[in-house]
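# A look at the structure
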Amino acid sequence: MQNNVEIELKLLLGKRELKKLLASELLKGVLRAGSEKKRNLVSSYYDTADLAFKKNGVAYRVRDKGDGSFEATIKTDRKSSGGLSERVEINIPLTEDKAVIEGFGEMGLGFELTDLAPNGVEKLFTVDVVRTTYILDLDGAVAELAIDNGKIIAGKRKDDIDEIEIELVEGEVGALMNFAAKMAELVPVFTEKRSKFARGLALLGMESDLESGKVKVDNEGNARLEVLKLVHQRGDSLLMLQNALKKTAEASVVKQLVKDLKFIRSYVEFGKVFAPAETADKALALADEVLNA
């Protein structure tokens with residue numbers, strides 16, 4: 001059984017661009033030798049007839065892991081911005097491809113799913129992908145790169161999946177953003193704010209209560225994480241502008257880029273209280289160098 005906080009960066013990448021990325025020196029330089037794995041993952045998402053899980057901010061799925069094993073998982077999003085999501089994830093191994101909703105309360109959910117589903121659950125949609133994974137040894141972190149190709153299937157409706165996810169295994173979350181920026185120097189990269197769960201609900205004509213486009217700073221929890229939320233939210237805009245600058249040097253694009261860089265610089269300045277002085281000063285110096293170029 002597993003209970004952890006999952007931090008991942010979800011990106012959209014075309015097949016031609018993915019091929020170029022995989023052949024690049026950037027990726028070859030961080031790929032751990034012998035770490036490649038390929039599996040067919042089939043995930044079925046469930047809820048009650050009145051969508052009690054969704055209303056309580058829970059996504060529940062049963063996954064055929066493609067190796068003869070099965071797993072029940074719940075996810076509850078804490079934040080999602082700039083393509084970066086942080087969520088609580090609880091996994092329970094299963095012996096068959098069948099929805100089992102008991103046991104999550106004692107693992108830290110805070111309540112039992114059976115309390116929300118006294119009459120059981122029903123399948124909403126299925127996600128069928130071929131997933132290829134690699135371990136990345138980044139500067140300051142270890143991450144897993146997952147390449148997903150497949151479909152979301154909800155009745156007669158389907159949505160193609162061509163995306164990559166970079167999940168933090170250990171180290172600093174900033175390393176994911178730095179690596180994504182380097183990727184964007186090679187190929188057009190766009191962030192995907194929606195999870196597969198949210199995309200599946202969209203096929204059914206529903207919105208996810210777990211996805212939020214707003215970020216706020218409050219006095220609850222770790223203030224450092226609240227500042228990071230704002231920086232990550234602006235990261236989405238920076239990636240899009242970086243792609244735009246490859247095609248044009250229009251004044252409006254440059255003006256917006258400078259605006260976003262100044263925004264992030266202001267929060268780096270504010271965040272000095274959370275980081276070693278040397279690290280913060282280097283970040284500010286880098287921002288000033290770009291803004292004054």
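Predicted model, so just to flag it, every value in this text is computed and none were measured. (Residues numbered from 1 in each chain as written. Predicted model: local features only at pLDDT ≥ 70, side-chain atom pairs only at ≥ 80, totals over all residues. Heavy atoms only, no water.)

Let's shift gears to the overall build of the chain. When its secondary structure is counted, the chain shows 9 helices and 9 strands. Every one of the 293 residues in the chain was classed for burial, and the buried ones make up 45%. The contacts in the chain between residues at least 6 apart in sequence include a share of 63% that link residues at least 24 apart. A total of about 15400 Å² of accessible surface is found on the chain, and carbon and sulfur atoms cover 51% of it. (Helix = DSSP H or I, 4+ residues; strand = E, 2+ residues; numbered from the N terminus. Buried < 20%, exposed > 50% of the residue type's maximum accessible area, 1.4 Å probe, protein only. Contact = heavy atoms within 4.5 Å. Areas by Shrake-Rupley, 256 points an atom, 1.4 Å probe, with all protein chains shown as cover.)

Next up on the list: helix 6 (residues 196-203). Burial analysis of helix 6 places 7 of its 8 residues in the buried class, the great majority of the element. Listing the buried residues of helix 6 in full gives K196, F197, A198, R199, G200, L201 and L203. Immediately beyond the C-terminal end of helix 6, within one or two residues, lies G205, with a positive phi of roughly 80°.

Moving on, we get to the confidence of the model for the chain. The predicted model of the chain has a mean per-residue pLDDT of 78, with 65% of residues at 70 or higher. Low pLDDT, under 50, characterises residues 211-227; the stretch is placed with 25 contacts to residues that sit more than four places away or in other chains. (pLDDT = per-residue confidence, 0-100.)

All right, on to the side chain of K196 then. Here K196 is to be found in helix 6. A distance of 3.0 Å separates a polar atom in the side chain of K196 from a polar atom in the side chain of E165. Among all residues touching K196, those that are not within four sequence positions of it are K10, Y45, F125, V127, R131, D148, I152, I161, E163 and E165. (Polar contact = N/O pair within 3.5 Å; in protein donor to acceptor, adjacent residues only side chain to side chain.)

Below, the discussion takes up the side chain of S35. Inspection of the secondary structure puts S35 in the loop between helix 2 (25-28) and strand 2 (37-47). Within polar-contact distance, the side chain of S35 engages the backbone nitrogen of I135 at 3.1 Å. Every residue in contact with S35, bar those within four places of it in the chain, is listed here: T133, Y134 and I135.

Turning our attention to the pairing of strand 8 (residues 157-171). Of the strand pairs in this sheet, strand 7 (residues 141-154) and strand 8 are connected by 14 bridges, and their pairing is antiparallel. Paired with V142 across the two strands is E170, which belongs to strand 8. (Pairing = 2+ DSSP bridges.)

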